[in-house]
Amino acid sequence: MSNQLIAAVVYADGVYPDQAIERALEPMREAGLPLAGVLQRAADELPGRHPCDLLIEDLASGEVVALAEHRGKEARGCRLDVSLLTEVADAVLTSLQTDSPRLLVVNKFGKIEADGGGMRDAIAEAVDLGIPVLVGVPARNLDRWRAFAGPLAVELAPRADAITGWLQAHALTVEPDTRSAAVAGTIRPAAR
């Protein structure tokens, strides 16, 4: 397993690996380790939302927001609310600078990031601070991701075991018997 500071979870277009990422992060979240960034959530988690809406959870605050403009039940397709994405990205950047997170999670290196916006500054800030970064990268944006991240990133399969292996390489896994110690702030690296 590589010791590169950034891991890109590369997935087929339209097949976001939310369950694999969630499974890999679950022990860290249960242990209360400070995390920054966002995780994608299913649209059916908020009543009255359109099935294609993109919901994200801020890992620092636990708040779930819809990043798509709510265009009504009959809308065909979604339109990203870029101003809200900018607010979320600013909040993530602030949490990197103030909350001392152990990991930054970016749900997707999407078109906005590929074009130079969105969570790009948060990714760069995390690397500058030495904080490992886990990013979902759809196949359609892989070339632009590679141009952005270069040799700083490793590419992972969209599987929980691949993600967990990378987390272990960065001492970011929490064994069941150490979860209470992790909450108290004394984290032991996982056995190799």
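Scroll up to find the structure this text is about.
Numbering of residues starts from 1 in every chain and runs along the sequence as written. Restriction of local features to residues with pLDDT of at least 70 applies here, the model being predicted, together with a cutoff of 80 or more for giving and counting side-chain atom pairs; totals for whole chains, interfaces and linings are based on all residues. For side-chain calculations, the full set of non-hydrogen atoms in the structure is used, while hydrogens and water are omitted.

(A) Expanded view of the environment of Leu-129. Runs of H or I in DSSP of at least four residues are treated as helices and runs of E of at least two as strands, each being numbered from the N terminus. Within the secondary structure layout, Leu-129 lies in helix 4 (residues 120-129). Each residue is placed in one exposure class: buried if its accessible area under a 1.4 Å probe, protein chains only, is under 20% of its type's maximum, exposed if it is over 50%, and partly exposed if it falls in between. The class for Leu-129 is partly exposed, based on a relative accessible area of 44%. Separated by 29 residues in sequence, Leu-129 and Ser-100 place their C-alpha atoms 9.4 Å apart.

(B) Quick look at helix 4. Of all the positions in helix 4, only Arg-120, Ala-122, Ile-123 and Ala-126 are classed as buried. Angularly, the buried residues of helix 4 cover 165° about the axis, an arc narrow enough to put them on a single face. Residues of helix 4 that are exposed and point over 90 degrees away from its buried face: Asp-121 and Asp-128. Throughout, a residue-residue contact means that at least one pair of heavy atoms, one from each residue, lies within 4.5 Å. On the buried face of helix 4, the contacting elements are strand 1 (6-11), helix 2 (82-98), strand 5 (103-106), helix 3 (111-114), strand 6 (133-138) and helix 5 (142-149). Where helix 4 terminates, the next one or two residues include Gly-130, which has phi positive at roughly 80°. Note that the arc is computed from the directions linking the helix axis to the C-beta atoms.

(C) Looking closely at the nonpolar core. Ranked by internal contacts, the top residues of the largest apolar core, which has 30 residues, are Val-88, Leu-104, Ile-123, Val-135 and Trp-145. Within the residue set of this core, elements represented by two or more residues are strand 1, strand 2 (35-41), helix 2, strand 5, helix 4, strand 6 and helix 5. Sort the elements by how many residues they give to this core and helix 2 lands first, with six residues. Nonpolar cores were defined as sets of buried Ala, Val, Leu, Ile, Met, Phe, Trp, Tyr and Cys residues, with membership established by side-chain atoms within 4.5 Å. By size, the runner-up hydrophobic cluster in this structure holds 26 residues, among which are Ala-24, Leu-33, Leu-39 and Ala-162.

(D) Main features of the side chain of Glu-57. Structurally, Glu-57 is set in strand 3 (residues 55-58). Polar contacts here mean pairs of N or O atoms no more than 3.5 Å apart (in protein, one a potential hydrogen donor and the other a potential acceptor; neighbouring residues in sequence count only if both atoms are side-chain atoms). Of the polar contacts made by the side chain of Glu-57, one reaches the side chain of Arg-29; its length is 2.4 Å. Not counting chain neighbours up to four residues away, the residues in contact with Glu-57 comprise Arg-29, Gly-37, Val-38, Leu-39, Arg-41, Gly-62, Glu-63 and Val-64.

(E) Inspection of the packing of aromatic side chains at higher detail. Within 6.5 Å between ring centres, the rings of Phe, Tyr and Trp (the latter by its six-membered ring) count as paired, and their orientation is classed by plane angle as stacked under 30 degrees, edge-to-face over 60, tilted in between. Counted by the stated rule, this structure contains four aromatic pairs. Here Phe-109 and Phe-148 contribute two aromatic rings whose centre-to-centre distance is 5.7 Å and whose plane-to-plane angle is 25°, an arrangement assigned as stacked. Placement of Phe-109 in the loop between strand 5 and helix 3 and of Phe-148 in helix 5 is noted, with a sequence separation of 39 residues between them. On the accessibility criterion, Phe-109 (0% relative accessible area) is buried.

(F) Just the pairing of strand 1, in detail. Of all six residues in strand 1, six are buried, a share of seventy percent or more. Every second residue of strand 1 is oriented toward a common face, with Ile-6, Ala-8 and Val-10 on one face and Ala-7, Val-9 and Tyr-11 on the other, all of them buried. The sheet contact formed by strand 1 and strand 6 spans six bridges and is parallel. Among the inter-strand pairings, Val-9 is bridged to a residue of strand 6, identified as Gly-136. Two strands pair when backbone bridges link them, and strand 1 and strand 7 (residues 153-156) are joined in this way by four bridges, in the parallel orientation. Across the sheet, Ile-6 pairs through a bridge with Ala-153, a residue of strand 7. In this description, strands pair whenever DSSP reports at least two bridges between them.

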